Amino acid sequence: MLPELGLFALILALLLAFVQCTLPIYGAWRGSAALISVARPAVAGQAVFVALAFGILTYAFVSQDFSVAYVAQNSNLALPWYYRFSAVWGAHEGSLLLWLLILNIWSVAVAAFSRRLPDALMARVLGVLGFVAFGFLLFTILTSNPFLRHLPALPDGNDLNPILQDPGLIMHPPMLYTGYVGFSVAFAFAIAALLGGELDVAWVRWARPWTNVAWAFLTLGISLGSWWAYYVLGWGGWWFWDPVENASFMPWLVGTALIHSQAVTEKRGSFRAWTLLLSIFAFSLSLLGTFLVRSGVLTSVHAFASDPKRGLFILAFLGIVVGGSLLIYALRAPKVAGGKAFRLLSRETLLMVNNLMFVCAAAMVLLGTLYPLIGDALDVGRISVGPPYFGFMFVLLMIPVVCLLPFGPFFRWAAADWRATWRRLRPALILAVAAAVLAKLLAPTLPVRGLAGVAATLWVACGIALYALQRWRTAPRGKRYTPEMLGMIVAHFGVALFLAGVLITEASSVESDLRLAPNETKNVGGLDFRFRGVERAEGPNFAADQGTIEILHDDKVVATLHPQKRQYSGGGQIQTKSAIDPGLFRDVYVALGEPLDNGAWSVRIYVKPFVRWIWLGGLFMMVGGFVAASDRRFRALPERVQATAPVGSAASQPVEVGA
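In this report, we go over the structure that sits alongside the text. (Residues numbered from 1 in each chain as written. Predicted model: local features only at pLDDT ≥ 70, side-chain atom pairs only at ≥ 80, totals over all residues. Heavy atoms only, no water.)

### Examining helix 19 (residues 612-629)
Then, in step 1: Helix length check: helix 19, at 18 residues, gives a terminal C-alpha distance of 26 Å against a target of 26 Å (1.5 Å per residue), a fit within 8%.
Then, in step 2: Those residues of helix 19 lying buried are Trp-613, Ile-614, Trp-615, Gly-617, Gly-618, Met-621, Met-622, Gly-624, Gly-625, Ala-628 and Ala-629.
Then, in step 3: Contacts from the buried residues of helix 19 go to helix 9 (202-232), helix 10 (243-268) and helix 18 (483-508). (Helix = DSSP H or I, 4+ residues; strand = E, 2+ residues; numbered from the N terminus. Expected span 1.5 Å × (residues − 1). Buried < 20%, exposed > 50% of the residue type's maximum accessible area, 1.4 Å probe, protein only. Contact = heavy atoms within 4.5 Å.)

Dropping the structure here:
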């Protein structure tokens, strides 16, 4: 009876989501405190029922209840216990339930930590979140029920996709979804402000910490996904511009523009239209990513499902969200304009360029991702757009961002002193150029991309270091680095590390496909690789051909790697398991290919300098987002709100709000 109870819990959650998205918003419109007060109990009740359903599905996997069709399709008796937990979200139905659980966690957090915000505003925010939850609960119940029965129960189930039998599956989807869904909070604040006509800067201050946290989680999720693809798929790359990779990258790009636009709106009152539209589009692109992953319209190794009916439902919901949001925006457009004037040389101008470049980059990725569908619609054939297009266009759009990034912290609001800023940044430019020249002298074969990577890394890193040093020298003690400022410094330093990892790795990596016989040695990238042969190895639910390869430097063994070619017992799937000798300044990556004649094997070897700096940069950016969100300034009610609140009311007290 537990599966039926899980479905019943989802139906009850659907009813509460309907209550959450109707009564509080109507109450805010009519000024009814009783209806407004329904919002938080509805959020709490919905979260309880969704958590109950998720717990029941998890128990079905752990107890190996193969009478549940979803469990039978994605687990078997041989699956290790720790992968039974992650198998809950290893396919479409369970991943959607995880999506809903995370949405409810966000809603509960907003309801719990924003008690001192104006009641009418919070009723509208929670109402919008309830509308999103209602749409996805309806989608789950009608098209993606994870509790469907398979009677009689099977004695054993299918295997979980071997690609997903990895610790990366345990961490990557929850972090990615937390970022995806987190943008719904910024979206909810924006729509709530539009519905109430409260288009001053107050709502932006309250939304900023939530947006920063969502962006930080999405950064972590994308970094984990990139790392997972690097070491699991056996191809040695970290990003392939796959449609589903792009689906997570587009909201990240728009979210990056959004967190900068929110800063301008909150501090200067400008960019209000930018902030509202970016809030709408960041979440809309998250919904688009959900559509691409689950509709089957595009082929991807990451795709969860290929059911056009499900895709049609999400597409219709996406149309309602985007169309309805833009209609509300159009109706409120006359109130959106405002803000303080600024000159051409100002921090606002640089952030405007930042917004334009990131939005253009997102549009470029969107066009390339959907181009096969556009080709089909125009009857010109299904033409795929690959890495050459994305790589060239993205780099072209990011060059201005990298060049201008160090200027941003030095430029003042409204009007900047160009000469003073240039004097401060001149040492960073000199050091960047000198480092590129030195790199060319030490490594004459290093391509232009590698030299650009060295120069760009030093330019950004030294620029942010000089700003930090200036703050240390000139700002009074205790006010040198606010959490918001410190988060910016850490995140921008992460950009420098990321640039080094991407550009230097792409320019100097060595790749070689070899035929290696037992005890044969070959040199790749200045290292000797000695193949000791292949032996049979047994895993908990697989058998593997396991190679032994010694890495030698100056005739000394510095590492021994054991790449595998696994065959899983459940369905006989073959999966390559690479072996990596990791290092801060270089990775050695070995993947076992196919058996050849006389005991020889094909082996693919990569030597990848600085590749780990890519994910190290992502971690720094993530930490920067969390640190910026912790600024207590975001938790203080604006003076205007406190001044206009009735005496004795919650908003009139000097309290903290926000995330």
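### Some remarks on the pattern of salt bridges
Then, in step 1: Under the criterion given, the structure shown has 19 salt bridges.
Then, in step 2: Ionic pairing is found between Asp-581 and Arg-586, a salt bridge with its closest N-O pair at 3.2 Å.
Then, in step 3: Salt bridges sharing partners connect three or more residues here, namely Arg-205, Arg-208, Glu-266, Lys-267, Glu-484 and Arg-633. (Salt bridge = Lys/Arg side-chain N within 4 Å of Asp/Glu carboxyl O.)

### Here's the deal with the packing of aromatic side chains
Then, in step 1: Summed over all chains, the structure comprises 42 aromatic pairs.
Then, in step 2: On the numbers, 5.4 Å between centres and 80° between planes, the contact of Trp-235 with Phe-240 is edge-to-face.
Then, in step 3: Overall, Trp-235 belongs to the partly exposed group, its relative accessible area being 26%.
Then, in step 4: Judged by relative accessible area, which is 47%, Phe-240 ranks as partly exposed.
Then, in step 5: Taking NZ or CZ as reference, Arg-347 lies 4.9 Å from the ring centre of Trp-413, over its face. (Phe/Tyr/Trp six-rings, centres within 6.5 Å; stacked < 30°, edge-to-face > 60°. Lys NZ or Arg CZ within 6 Å of the ring centre and 35° of its normal.)

### Let's talk about the packing of helix 9 against helix 19
Then, in step 1: Following both chains from N to C, one finds helix 9 and helix 19 inclined at 165°, their axes separated by 8 Å at the closest point. Judged on the interaxial angle alone, helix 19 and helix 9 are roughly antiparallel. In the packing of helix 9 onto helix 19, the handedness of the crossing is left-handed. Contact with helix 9, carried on its side by Pro-209, Asn-212, Val-213, Trp-215, Ala-216, Phe-217, Thr-219, Leu-220, Ser-223, Ser-226, Trp-227 and Tyr-230, involves Arg-612, Trp-615, Gly-618, Leu-619, Met-621, Met-622, Gly-625, Phe-626, Ala-628 and Ala-629 of helix 19 and no other residues of that element.
Then, in step 2: Looking at the contact of helix 9 with helix 19, its residues break down into 15 nonpolar, six polar and one charged. (Axes fitted to C-alpha atoms, helices over the stretch in contact; angles between N-to-C directions. Parallel < 35°, antiparallel > 145°, perpendicular 65-115°, else oblique. Left-handed = near helix turned anticlockwise from the far one by under 90°. Nonpolar A, V, L, I, M, F, W, Y, C, P; charged D, E, K, R; others polar.)

### Brief notes about helix 6 (residues 92-113)
Then, in step 1: Relative to the 32 Å expected for 22 residues at 1.5 Å per residue, helix 6 spans 32 Å between its end C-alpha atoms, a close match to the ideal helical length.
Then, in step 2: Burial within helix 6 is extensive, with 18 of its 22 residues counted as buried.

### Here we look at the sheet that holds strand 9 (residues 586-595)
Then, in step 1: As summarised here, the arrangement of the four strands in space is 1-10-9-8, forming an open sheet in which the pairing is antiparallel. Of all strands in the sheet, those with a lone pairing partner are strand 1 (510-516) and strand 8 (579-581), marking the two edges. The mean angle between the axes of side-by-side strands here comes to 20°, regardless of whether they run parallel or antiparallel.
Then, in step 2: Strand direction decides the pairing type here: strand 1 and strand 10 (residues 601-609), joined by seven bridges, are antiparallel. In the sheet register, Leu-514 faces strand 10, and the bridge partner there is Val-603. (Pairing = 2+ DSSP bridges.)

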